[in-house]
Amino acid sequence: MANTYTLIQSITVGSGGAANMTFSSIPSTYTDLKIVGSTRIVGNGEGSNPPISRGEITFNGSGGTYSVCMMYGLPNQSPTTNSAGGSGGSRSFYAGSSVGNLAAASIFSNFEIYIPSYTSSLAKVILINDVTENFEVATTEDICAISWSGTSAITSIKLNDYGNSNYAQYSTASLYGIKNS
Amino acid sequence: MTIAIEVNCTTGEVTERDLTAEEIAQREADAAAYAARKAEEEAAAQALADLKASARAKLVAGTPLTEEEAATLVI
């Protein structure tokens, strides 16, 4: 794994916050892509229980349709399933979420976004999972599958908060390239 | 001013720029859509909870359930 798992680029948000984080001009030399992120927003998001705010992802600037199936749950509760999709402002997903402003200071979410065969000429399937928490209170585990109808290679990926709050300072996302040989 | 951060994965160049007027307008529209969607989801969740409570109460009281109430109890 180590020889084929390469950090392409990393973004860390500075003191002024940021509306979004974009990886552009992604080389087509890998087999799969993976983003590892840890984010917090400057906004209340969904509220305090859980202190979560949905993420949004956009490939190649615009275009295509996103079909989303997600499952999420709070401790000691049955998981909830939901689906979302379409285009424009309906690409929300719980997986890949940020911790909201109502969580204690210094708490950030953790998420992974896996994009197999990102240069394929077929629609892409994306897997996401994350954890958000607030000092072990209102912890959520979220998993999500997205199908994006785009048939060109993914060359840019934009991450932002679905409610359009800014990412807080020290939010970070790292893009890795994975080769199959 | 709100900024966007972009890293060019080929050159490594990092660009931090202010959002354009168009991006700000889109952001505001998206935020409004998000608020509307969230309100819809909350209303739907409350309606389901109300339906389940009604079904539960009728079961305890031994009164007939509506089709809609029964559907909340039968998987």
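Only a predicted model underlies this, so the values are computations on that prediction, with no experimental measurement involved.

Thresholds applied
Residues numbered from 1 in each chain as written. Chains lettered and ligands numbered in written order. Predicted model: local features only at pLDDT ≥ 70, side-chain atom pairs only at ≥ 80, totals over all residues. Helix = DSSP H or I, 4+ residues; strand = E, 2+ residues; numbered from the N terminus. Rg over C-alpha atoms; globule rule 2.2 N^0.38 Å. Buried ≥ 20, exposed ≤ 12 C-beta atoms within 10 Å, placed from the backbone. Core = buried A, V, L, I, M, F, W, Y, C linked by C-beta atoms within 7 Å. Contact = placed C-beta atoms within 7 Å. Nonpolar A, V, L, I, M, F, W, Y, C, P; charged D, E, K, R; others polar. Pairing = 2+ DSSP bridges. pLDDT = per-residue confidence, 0-100.

A. A look at the overall build of chain B. Regarding its fold elements, chain B presents two helices and two strands. Each helix (α) and strand (β) of chain B, taken in turn from the N terminus, gives the series β-β-α-α. Computed over C-alpha atoms, the radius of gyration of chain B comes to 24 Å, more than 25% over the 11 Å expected from 2.2 N^0.38 for 75 residues, which places it beyond the range of a compact globule. Dimensions of chain B, computed from the C-alpha atoms along their principal axes, are close to 70 × 25 × 15 Å. Going through the 75 residues of chain B one by one, you find that 8% of them count as buried.

B. Broad picture of the nonpolar core. One finds Met21, Ile146 and Ile157 of chain A to be the most contacted residues of the largest nonpolar core, which totals 37 residues. Here the element with the most residues in this core is strand E6 (residues 66–73) of chain A; it accounts for four residues.

C. Structural view of the interface of chain A and chain B. Between chain A and chain B, the residue contacts involve 21 residues of the former and 16 residues of the latter. Of all elements in the fold, only strand E1 (5–12) and strand E2 (20–24) of chain A reach the threshold of two or more residues within the side of chain A that touches chain B. When residues of the side of chain A that touches chain B are assigned to their parent elements, the largest contribution, five residues, is made by E2 of chain A. Among the residues making up the side of chain A that touches chain B, the classes are represented as eleven nonpolar, ten polar and no charged. When E2 of chain A meets strand E1 (residues 3–8) of chain B, the two strands line up parallel, connected through five bridges. Opposite phenylalanine 23 of chain A, over in E1 of chain B, you have valine 7 of chain B as the bridge partner.

D. Seen up close, the confidence of the model for chain B. Looking at chain B, pLDDT values average 88 and 99% of them are 70 or higher. Complex prediction metrics read pTM 0.83 and ipTM 0.85.

E. Seen up close, the environment of asparagine 164 of chain A. Locating asparagine 164 of chain A in the fold gives a position in the loop between strand E12 (157–161) and strand E13 (166–167). When residues no more than four places from it in sequence are discounted, the contact partners of asparagine 164 of chain A are Arg27, Asp30 and Ala31 of chain B.

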